[in-house]
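# Structural overview for review
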Amino acid sequence: MTETHRVRVLFEAYRSGVPLRPWSLEPENETAMAADLTVTASGAIDAIKHLIAGEQLSNDDMLAFGRLNFHSFLSGWEPMVALYDDIPILDPSVGPMLTKHSKRFP
């Protein structure tokens, strides 16, 4: 008897016509790993730390959020930070997930 295993792809590239994956996917620890790697790859660690802490954001932070959202998109994930107004908004599931599962975000 063969055993089937469910495989979840966390780092699949964007494909036209396929909806972007939300950051609220379960299991949370696997999604947190994808979020952590995306933040790291985009060079947005400090910017996300500032946003989570509610600190003053610099122009460099805003540029990092743009890179972060582009990396998210290329990896098939929804943008992590909404950039509609002067105040960026982190996806509500990302902050708690990163602080719980990542060593980079206390």
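These lines cover the structure that appears in this document, whether it is placed above or below. If you're wondering where the values come from, they're calculated on a predicted model, not measured in any experiment. (Residues numbered from 1 in each chain as written. Predicted model: local features only at pLDDT ≥ 70, side-chain atom pairs only at ≥ 80, totals over all residues. Heavy atoms only, no water.)

Right, let's get into the overall build of the protein. Regarding its fold elements, the protein presents four helices and two strands. For the protein, the proportion of its 106 residues judged to be buried stands at 32%. If you take every contact in the protein between residues at least 6 apart in sequence, the share linking residues at least 24 apart comes to 57%. Counting every atom, the protein has about 6,900 Å² of accessible surface; 57% of that belongs to carbon and sulfur. (Helix = DSSP H or I, 4+ residues; strand = E, 2+ residues; numbered from the N terminus. Buried < 20%, exposed > 50% of the residue type's maximum accessible area, 1.4 Å probe, protein only. Contact = heavy atoms within 4.5 Å. Areas by Shrake-Rupley, 256 points an atom, 1.4 Å probe, with all protein chains shown as cover.)

This part covers the packing of helix 2 (residues 45-53) against helix 3 (residues 59-74). At a minimum axis distance of 9 Å, the contact between helix 2 and helix 3 shows a crossing angle of 110°. With respect to each other, helix 2 and helix 3 are oriented roughly perpendicular. Where helix 2 approaches helix 3, its residues Asp46, Ala47, Ile48, His50 and Leu51 are matched on the opposing element by Asp61, Ala64, Phe65 and Leu68. Split into classes, the residues belonging to the contact of helix 2 with helix 3 amount to six nonpolar, one polar and two charged. (Axes fitted to C-alpha atoms, helices over the stretch in contact; angles between N-to-C directions. Parallel < 35°, antiparallel > 145°, perpendicular 65-115°, else oblique. Nonpolar A, V, L, I, M, F, W, Y, C, P; charged D, E, K, R; others polar.)

With that settled, consider the side chain of Asp61. Of note, Asp61 is situated in helix 3. In this structure Asp61 is buried but unpaired, with Arg67 as the nearest side chain of opposite charge at 8.0 Å. Not counting residues within four places of it along the chain, the set of residues in contact with Asp61 comprises Asp46, Ala47, His50 and Gln56. (Lys, Arg positive; Asp, Glu negative; His and termini not counted. Salt bridge = Lys/Arg side-chain N within 4 Å of Asp/Glu carboxyl O.)

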